[in-house]
Amino acid sequence: IEVNGLDRKTRTVCDRALKEWQNAKLPPNAIPSFTEWSKARSALAEAKIPALLELVAQHEEAGEPLVVFSAHRAPIDALAGREGWATITGDTTPEERTRIEEQFQAGQLRGVAGTIQAAGVAITLTHAARAVFVDLAPTPALNGQAEDRIYRIGQNRGVLITQLVADHALDRHINELLQRKRDLIEASIDSAAVVA
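Remember, it's a predicted structure, so these values are computed and weren't measured experimentally. (Residues numbered from 1 in each chain as written. Predicted model: local features only at pLDDT ≥ 70, side-chain atom pairs only at ≥ 80, totals over all residues. Heavy atoms only, no water.)

S.K.: Which residues make up the overall build of the chain, and what values go with them?
M.R.: Along the backbone of the chain there are eight helices and seven strands. Computed over the C-alpha atoms, the radius of gyration of the chain is 17 Å, within 12% of the 16 Å expected from 2.2 N^0.38 for a compact globule of 196 residues. The proportion of buried residues among the 196 residues of the chain is 43%. Accessible surface, the chain as shown: approximately 10200 Å² in total, 52% of it carbon and sulfur. Side chains of the chain carry 22 positive and 26 negative charges; the gap between the two charge centres is 5 Å. (Helix = DSSP H or I, 4+ residues; strand = E, 2+ residues; numbered from the N terminus. Rg over C-alpha atoms; globule rule 2.2 N^0.38 Å. Buried < 20%, exposed > 50% of the residue type's maximum accessible area, 1.4 Å probe, protein only. Areas by Shrake-Rupley, 256 points an atom, 1.4 Å probe, with all protein chains shown as cover. Lys, Arg positive; Asp, Glu negative; His and termini not counted. Charge placed at Lys NZ, Arg CZ, Asp CG, Glu CD.)

S.K.: Give me the lowdown on helix α7 (residues 140-147), citing residues and values where you can.
M.R.: Among the residues making up α7, those that are buried are P140, N143, G144, A146 and E147. Down the axis of α7, the sector holding all buried residues measures 160°, keeping them to one side. (Arc of directions from axis to C-beta.)

S.K.: A description of the packing of helix α1 (residues 8-23) against helix α2 (residues 34-47) should follow, citing residues and the corresponding values.
M.R.: As a packed pair, α1 and α2 sit with axes 9 Å apart at the nearest point and diverge in direction by 145°. Crossing hand, α1 versus α2: left-handed. Residues T10, V13, C14, R16, A17, E20 and W21 of α1 form the contact with α2, whose participating residues are E36, W37, K39, A40, A43, L44 and A47. A breakdown of the residues in the contact of α1 with α2 according to their chemical character gives nine nonpolar, one polar and four charged. (Axes fitted to C-alpha atoms, helices over the stretch in contact; angles between N-to-C directions. Left-handed = near helix turned anticlockwise from the far one by under 90°. Contact = heavy atoms within 4.5 Å. Nonpolar A, V, L, I, M, F, W, Y, C, P; charged D, E, K, R; others polar.)

What follows is the structure, encoded as structure tokens:
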């Protein structure tokens, strides 16, 4: 889903990062300096929060359980106090993670929101067949593992993954880069499987 209406500050940060990226003449799959890249990605994640909250409200109204992932804390923290929601971040203890997983699977929660690294592994969230990625982690494997939280054994409905992409060339470029990386990895695995 395309997210429109970036504020001027976010657009400026993204413009600067995109210009630096283009001027660096990096190879197609390379990323720019860590500082500008991080600032822009963080600003984009925060700018998508209003669109995320709209999507969350739509799912709640429809009675559809939802899982939300982000590489950044701000979108997850935006759902932390929401009624019927639980969040999983690096600060969540293993015991709390297990409790959240059990509550969600039992239908006691409307949704779970987590950072990709903290909530993307070793947890089953198949009570939901819908997930929203506010943004993606730079490592495609982490994003794939996060998707697998609702694709696991026990999922008996069609799964729908929604990705929020800001109406800015930088966010589109980042997502295209990550998709190329994912395609390359999958092609390598397929080639290895054929050879074996």
